[in-house]
Amino acid sequence: MISVVARRRRWTLDQKLALVEEVSRPGASAAAVADRHGLSRSLLFEWRRQVREGTMPGVVRTETAPALVPVRIVEDAPPKEAPRPPPSSRGSGERSVKSAAMVEVVLSNGRVLRASEAIRPEVLGRLAAALDA
């Protein structure tokens, strides 16, 4: 005979967000976080998906608002010159090729995103959001 009825746990929004943040840290394991806090791994993955997609009740995701992030300019070796393309068959003359400067973004999950400085900001933002998830 079963004498104890297991009740469903209720997690506050702050608790859910804290657990999602904990599992998002570099090197964190979703399984270890779920086991440590006594919740289902699939529930933790579900909360993480909801936060990423902006569908978690009580969480408002504003993708259109610009965000300020800390920036650090570092001196580096001079950029390598880009390889010259083969001469055009149209005879338009050879143009000088400038070396392309790079933008390097270190994401909150530890990944590093490198792109040409000529990349459109909205494209860079979409890439960073996709890789930071």
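Below: a short report on this structure. (Residues numbered from 1 in each chain as written. Predicted model: local features only at pLDDT ≥ 70, side-chain atom pairs only at ≥ 80, totals over all residues. Heavy atoms only, no water.)

Description of a nonpolar patch on the surface
- Together, Val-69, Val-71 and Ile-73 make up a nonpolar patch on the protein surface, roughly 380 Å² of accessible area in all.
- Relative to the helices and strands, Ile-73 is located in the loop between helix H3 (41-53) and strand S1 (102-106).
- The class for Ile-73 is exposed, based on a relative accessible area of 79%. (Patch = residues over 30% accessible without salt bridge, like charges linked within 9 Å, V, L, I, M, F, W, Y side chains within 5 Å. Areas by Shrake-Rupley, 256 points an atom, 1.4 Å probe, with all protein chains shown as cover. Salt bridge = Lys/Arg side-chain N within 4 Å of Asp/Glu carboxyl O. Helix = DSSP H or I, 4+ residues; strand = E, 2+ residues; numbered from the N terminus. Buried < 20%, exposed > 50% of the residue type's maximum accessible area, 1.4 Å probe, protein only.)

Observations regarding the pattern of salt bridges
- Per the counting criterion, the structure on display carries seven salt bridges.
- We note a salt bridge from Arg-25 to Glu-21, for which the minimum N-O separation is 2.8 Å.
- As a salt-bridge pair, Arg-120 and Glu-122 come within 2.8 Å of each other at their nearest N and O atoms.
- Under the relative-accessibility criterion, Glu-122 is labelled partly exposed at 43%.
- Sharing partners across several salt bridges, the network here consists of Glu-46, Arg-49 and Glu-53.

Details of the packing of aromatic side chains
- Counted according to the given criterion, the structure contains one aromatic pair.
- Taking 5.7 Å as the distance between ring centres and 70 degrees as the angle between the ring planes, the aromatic pair formed by Trp-11 and Trp-47 counts as edge-to-face. Here the residue Trp-11 occupies a position in the segment before helix H1 (13-24), and Trp-47 occupies one in helix H3, the gap between them amounting to 36 residues.
- Judged by relative accessible area, which is 18%, Trp-11 ranks as buried. (Phe/Tyr/Trp six-rings, centres within 6.5 Å; stacked < 30°, edge-to-face > 60°.)

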